[in-house]
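# Residue-level structural notes
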Amino acid sequence: MKYDYGLNFNENDSLYKITQRIKPNSTVLEFGPAAGRLTSFLSNEYNCKVYIVEIDQEGFDKAIKFAENGLCANIEDIDISTLFASIGKTSDSL
C-alpha cells in the first residue's frame, strides 16, 4: 500500500504537527487515514475516539481496526454534515 509507513516524530513532519494540536480524549474525524498510522496513534496514545473516511478499501480495512467507526467512500459523494452529526451527542454509530 502506498501510504503504509510509520509515524516520523520530528518537528518538521506534518503528522507530528497535527498530533501537537489534538488534545487527549478528543473526538476526531480523520479524512484519508490510509492504513491508519495516525488513527492508531490517536486511539492508543491519546485515547481519542477516531472516526474515519477513506476512499481506498485496502487502507480502510487496515485503519478501521483503530477507529470507533468509519466509512469507505469518496468524500465528494457523501454529505458529511449529516453523516457525522450525531457523533458525541447520543450515539457513536454511523
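Presented here is an overview of the structure given in this document. Worth saying up front: this structure is predicted, and the values here are computed from it rather than measured. (Residues numbered from 1 in each chain as written. Predicted model: local features only at pLDDT ≥ 70, side-chain atom pairs only at ≥ 80, totals over all residues. Heavy atoms only, no water.)

The next thing to look at is the sheet that holds strand S2 (residues 49–54). Reading across the sheet, the 3 strands line up as S1-S2-S3 and stay open at both edges, with parallel pairing between neighbours. With partners counted over all chains shown, the strands left at the sheet margins are strand S1 (27–31) and strand S3 (69–72), one partner each. Across the sheet, the axes of successive neighbouring strands diverge by a mean angle of 10°, strand direction being ignored. Looking at chain direction, S2 and S3 are connected through 4 bridges and run parallel. Counted as the bridge partner of Val53 is Leu71 from S3. Along the sheet, helix H2 (residues 37–44) makes contact with S1 and S2, crossing S2 at roughly 170°. (Pairing = 2+ DSSP bridges. Helix = DSSP H or I, 4+ residues; strand = E, 2+ residues; numbered from the N terminus. Axes fitted to C-alpha atoms, helices over the stretch in contact; angles between N-to-C directions. Contact = heavy atoms within 4.5 Å.)

We now examine the environment of Glu68. Note on placement: Glu68 falls in the loop between helix H3 (57–63) and S3. Through-space distance from the C-alpha of Glu68 to that of Ile52 is 8.3 Å; in sequence the pair is 16 residues apart. Sequence-distant contacts of Glu68, defined by excluding residues within four places in its chain, comprise Lys49, Val50 and Tyr51.

Moving on to the nonpolar core. Judged by nonpolar contacts, the single largest core of 13 residues is most densely connected at Ile22, Val28, Leu42, Tyr46, Cys48, Val50 and Ile52. At the level of secondary structure, the elements contributing two or more residues to this core comprise H2, S2 and H3. Here the element with the most residues in this core is H2; it accounts for 3 residues. (Core = buried A, V, L, I, M, F, W, Y, C linked by side-chain atoms within 4.5 Å. Buried < 20%, exposed > 50% of the residue type's maximum accessible area, 1.4 Å probe, protein only.)

All right, on to the side chain of Ser43 then. Structurally, the position occupied by Ser43 is in helix H2. Excluding residues that lie within four positions of it along the chain, Ser43 makes contacts with Cys48, Val50 and Phe66.

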